[in-house]
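# Geometric and topological summary
So the chains spell out like this:
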Amino acid sequence: MIVIHVCDENKKANKDFKCDRSLLLNNMKYFDKYLADSKNIDDIDISVHCDINIFDWLMRYVHRKEPKLEIKNSVSILISSDFLQMKGLVEESVQYVAKNLNEIISLPIDMNCMNSSLIKRLASIIPLEELDLLRDKKDKLTSKLYMKKLELLFEDENNILNRCVYCNTLFT
């Protein structure tokens, strides 16, 4: 068993979680580089700085207790699972966030922690029509999604943007 010490600075709390080494390595690829070569488990001390409730949720997921993604925790789960390299959970979370984006954007949460690759994955599955209907008053994510959508369009070499030399109008 591996003990993971979780420190939650916001709540000023600490909690230890236990997980079987192979289960941890199979589900959280982030720990591969720290645990793969080490023979003596007693010498390993893992400390993680994050929200205790989110890490508890992730541990329940790893132990197949099937916690439920919710509007209020989905972005945190997405960001954390991406950082911990939990490929299946990242995909599940991206799908959930894309499906519930209007509700999620209305929450008082900071979306700036979402990295560029996650935004690109969201942009790739959100249809342009849905993006146009998104109500994001504080522009937490909409402009970033449009930018990634545009980048995705230009990745296809058949899509070329031109500008008229007479009127400066852009056209494809």
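This text goes with the structure placed above it.
Here is a short report on the structure shown in this document. All values derive from a computational prediction rather than experimental measurement.

## Focus on the overall build of the chain
- A count of helices and strands for the chain gives nine helices and five strands.
- Ordered by position from the N terminus, the helices and strands of the chain form the series β-β-α-α-β-α-α-α-α-α-α-α-β-β.
- Over its C-alpha trace the chain gives a radius of gyration of 20 Å, far above what one expects of a compact globule, namely 16 Å for 172 residues.
- Summarising its shape, the C-alpha atoms of the chain cover approximately 70 × 35 × 25 Å along the three principal directions.
- Considering only contacts within the chain whose residues lie at least 6 apart along the sequence, 57% involve residues at least 24 apart.
- By element, 52% of the accessible surface of the chain is carried by carbon and sulfur atoms, the whole surface being about 11,000 Å².
- Side chains of the chain carry 25 positive and 27 negative charges; the gap between the two charge centres is 3 Å.

## A word on a nonpolar patch on the surface
- A surface patch of nonpolar side chains, about 460 Å² in accessible area, is lined by Leu150, Leu153, Phe154, Leu161 and Leu170.
- The element that contributes the greatest number of residues to the nonpolar patch is helix H9 (residues 142-155), accounting for three residues.

## Structural notes on the pattern of salt bridges
- The full count for this structure, using the stated rule, is seven salt bridges.
- Between Glu155 and Lys120 there is a salt bridge, and its shortest N-O distance comes to 2.4 Å. Of the two residues, Glu155 is situated in helix H9 and Lys120 in helix H7 (residues 116-125); the sequence distance between them amounts to 35 residues.
- Between Glu151 and Lys148 there is a salt bridge; the shortest N-O distance is 3.2 Å. Taken as a pair, Glu151 and Lys148 lie in helix H9 at a separation of three residues, close to a single helical turn.
- What makes Glu151 partly exposed here is its relative accessible area of 31%.
- For Lys148, a relative accessible area of 11% translates into the label buried.

## Describing the packing of aromatic side chains
- With the rule as written, the count across this model stands at four aromatic pairs.
- Centroid distance Trp57 to Tyr61: 5.9 Å. Interplanar angle 10 degrees. Geometry classified as stacked. Remark: Tyr61 and Trp57 occur in helix H3 (residues 52-62); sequence separation between them is four residues, near one turn of the helix.
- Judged by its relative accessible area of 4%, Trp57 is buried.
- Through a chain of ring-to-ring contacts, three or more aromatic side chains come together here, namely Tyr30, Phe31 and Phe83.

Reading the values: the criteria
- Residues numbered from 1 in each chain as written.
- Predicted model: local features only at pLDDT ≥ 70, side-chain atom pairs only at ≥ 80, totals over all residues.
- Heavy atoms only, no water.
- Helix = DSSP H or I, 4+ residues; strand = E, 2+ residues; numbered from the N terminus.
- Rg over C-alpha atoms; globule rule 2.2 N^0.38 Å.
- Contact = heavy atoms within 4.5 Å.
- Areas by Shrake-Rupley, 256 points an atom, 1.4 Å probe, with all protein chains shown as cover.
- Lys, Arg positive; Asp, Glu negative; His and termini not counted.
- Charge placed at Lys NZ, Arg CZ, Asp CG, Glu CD.
- Patch = residues over 30% accessible without salt bridge, like charges linked within 9 Å, V, L, I, M, F, W, Y side chains within 5 Å.
- Salt bridge = Lys/Arg side-chain N within 4 Å of Asp/Glu carboxyl O.
- Buried < 20%, exposed > 50% of the residue type's maximum accessible area, 1.4 Å probe, protein only.
- Phe/Tyr/Trp six-rings, centres within 6.5 Å; stacked < 30°, edge-to-face > 60°.

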